[in-house]
Amino acid sequence: MIDNVFSFFKYDFVINALIVGLLVSLCAAVLGVSLVLKRYSMIGDGLSHIGFGASAVALAVGIAPIYFSIPTVIVAAFLLLRLKSSGKIKGDAATALLSSSALAIGYTAIKLSGGVNIDINSYMFGSIYTVNKTDMIIAVCITVVVLLLYFCFYNKIFSVTFDEDFASATGIKAERYNTLLACLTAVTVVIGMRLMGALLMSALIIFPVMTASRVCKSYKAVMLSASIVSVVGFVAGLLFSLALNTSPGSSIVIVNLFIFVVFAVMGKALKK
């Protein structure tokens, strides 16, 4: 079985999926630390649903999904933060409102366009077959930009993550860095949902951070551990998916769940 699994790596689409997945896993873990600590973790779930809706509309009108999805999801991320900061609609309610609407619009657009040849499951749960060389090149470029911007403004994002009011009092424009974090998450989600699917992309943001926090306590330690866990979980999940012919998104989530349980047990053992 092992030989059969590794024989898949002679195909370009598998290599493309591997590269994109590794890059997205790294970005998701790094951004996920701030998102989880700020209780913004479900923004990834909401944005992936919006990404599905945008991709579906793009396919219905004959536009390349990735070029339409990225700006649409960035605008949605900005809108979510504005709704949250205005206080008129609570953050979780705003996320649910936009994400459920996007799913409904996307699915309806596909049906009205007569998109019988569109594999909806691949968009909902991910597929390695949908990742092409263009996606790989875009993923490399986006990863460089995401990580560069994140670490350039690391101190500001760190301050806003732990105490937004104090950060604002010291002159840091908290809203600006919240928006930056949301936009970086938006582009990461759009690239990642090709592999993970719209319904499971948020797991790539949440699981590694929650797993790492079982045994690590400092911000940097959690970030480093989450990055390692995310990459290992992705590779193991991809191999699992190739071996059993399952969707990569569900396979990666199952592997991450297993790693989380192991770390949770380890964390309890270390406290004794």
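Residues numbered from 1 in each chain as written. Predicted model: local features only at pLDDT ≥ 70, side-chain atom pairs only at ≥ 80, totals over all residues. Heavy atoms only, no water.

Colleague: Quick question: what am I supposed to make of the overall build of the chain here?
Modeller: When helices and strands are tallied, the chain shows 13 helices and 0 strands. Along the chain direction, N to C, the helices and strands of the chain fall in the order α-α-α-α-α-α-α-α-α-α-α-α-α. Relative to a compact globule of 272 residues, whose C-alpha radius of gyration would be 19 Å, the chain shows 18 Å and is just as compact. Oriented by its inertia axes, the alpha-carbon framework of the chain measures out at about 55 × 45 × 30 Å. By the burial criterion, 50% of the 272 residues in the chain qualify as buried. Pairs at least 24 apart in sequence give 78% of the contacts found in the chain among residues at least 6 apart. Only carbon and sulfur atoms are counted for the fraction: they give 68% of the accessible area of the chain, which is about 13100 Å². Once the 19 positive and 10 negative side-chain charges of the chain are each reduced to a mean point, those two points are 7 Å apart. (Helix = DSSP H or I, 4+ residues; strand = E, 2+ residues; numbered from the N terminus. Rg over C-alpha atoms; globule rule 2.2 N^0.38 Å. Buried < 20%, exposed > 50% of the residue type's maximum accessible area, 1.4 Å probe, protein only. Contact = heavy atoms within 4.5 Å. Areas by Shrake-Rupley, 256 points an atom, 1.4 Å probe, with all protein chains shown as cover. Lys, Arg positive; Asp, Glu negative; His and termini not counted. Charge placed at Lys NZ, Arg CZ, Asp CG, Glu CD.)

Colleague: Explain the packing of helix α7 (residues 133–152) against helix α10 (residues 174–196) to me, please; I cannot follow it from the model alone.
Modeller: When two helices pack together, their arrangement is captured by the angle between the axes and the distance separating the axes. Interhelical geometry of α7 versus α10 gives an angle of 155° and a closest axis separation of 10 Å. Between α7 and α10, the crossing angle belongs to the class labelled roughly antiparallel. For α7 against α10, the interelement crossing comes out left-handed. Residues D135, I138, A139, I142, V146, L149 and Y150 of α7 form the contact with α10, whose participating residues are L180, L181, L184, V187, T188, I191 and R194. Considered class by class, the residues forming the contact of α7 with α10 number 11 nonpolar, 1 polar and 2 charged. (Axes fitted to C-alpha atoms, helices over the stretch in contact; angles between N-to-C directions. Parallel < 35°, antiparallel > 145°, perpendicular 65-115°, else oblique. Left-handed = near helix turned anticlockwise from the far one by under 90°. Nonpolar A, V, L, I, M, F, W, Y, C, P; charged D, E, K, R; others polar.)

Colleague: Mind showing me how you'd approach helix α11 (residues 201–212) here?
Modeller: Think of an α-helix as 3.6 residues a turn; residues three or four steps apart then line up on the same face. The element α11 is largely enclosed, with a buried count of 10 among its 12 residues. The complete set of buried residues in α11 reads M201, S202, A203, L204, I205, F207, P208, V209, T211 and A212. Elements that come into contact with the buried residues of α11 comprise α2 (12–37), α3 (43–61), α10, α12 (219–244) and α13 (248–271).

Colleague: Looking at this model, I keep getting lost on a positive patch on the surface. Mind explaining?
Modeller: On the surface, R214, K217, K268 and K271 cluster together to form a positively charged patch. When you line up the elements, R214 lands in the loop between α11 and α12. A relative accessible area of 32% places R214 in the partly exposed class. (Patch = residues over 30% accessible without salt bridge, like charges linked within 9 Å, V, L, I, M, F, W, Y side chains within 5 Å. Salt bridge = Lys/Arg side-chain N within 4 Å of Asp/Glu carboxyl O.)

Colleague: Is there a simple way to think about unusual backbone geometry in this case?
Modeller: Most peptide bonds take the trans configuration, and most residues that are not glycine carry a negative phi. Backbone geometry at N245 places phi at a positive 60°, although glycine is not the residue there. With respect to the helices, strands and loops of the structure, N245 is situated in the loop between α12 and α13.

Colleague: Explain the environment of V215 here, please?
Modeller: Examined against the element boundaries, V215 turns out to sit in the loop between α11 and α12. By relative accessible area, V215 is classed as partly exposed at 27%. Separated by 119 residues in the primary sequence, V215 and A96 have C-alpha atoms spaced 32 Å apart.

Colleague: So what exactly am I meant to see when it comes to the packing of aromatic side chains here?
Modeller: The geometry of an aromatic ring pair is captured by the separation of the ring centres together with the interplanar angle, meaning the angle of the planes. Here the structure, examined in full by the defined rule, presents 10 aromatic pairs. Residues Y154 and F158 carry aromatic rings whose centres are separated by 6.1 Å and whose planes lie at 25° to one another, so their mutual orientation is stacked. Here F158 and Y154 lie together in helix α8 (residues 154–162), a separation of 4 residues that amounts to about one turn. Taking relative accessible area as the criterion, F158 reaches 33% and is therefore assigned partly exposed. Through a chain of ring-to-ring contacts, the aromatic side chains of Y150, F151, Y154, F158, F162 and Y219 assemble into a single cluster. (Phe/Tyr/Trp six-rings, centres within 6.5 Å; stacked < 30°, edge-to-face > 60°.)

Colleague: In this structure, what is going on with the packing of α2 against α10? I would like to understand it.
Modeller: Two elements in contact, α2 and α10, have axes separated by 9 Å at closest approach and are oriented at 145°. For the pair α2 and α10, the crossing hand works out as left-handed. Across the interface between the two elements, A17, V20, G21, V24, C27, A28, L31, S34 and L35 of α2 pack against L181, L184, T185, T188, I191, G192 and L195 of α10.

Colleague: Explanation requested: the nonpolar core in the structure shown.
Modeller: Here is a general trend for soluble globular proteins: nonpolar side chains tend to be buried in one another's company. V20, L47, Y150 and I191 are the most contacted members of the largest nonpolar core, which has 72 residues in total. Residue contributions to this core peak at 14 residues, all from α2. In this structure, A56, Y123, M124 and M193 belong to the second largest nonpolar core, which totals 8 residues. (Core = buried A, V, L, I, M, F, W, Y, C linked by side-chain atoms within 4.5 Å.)

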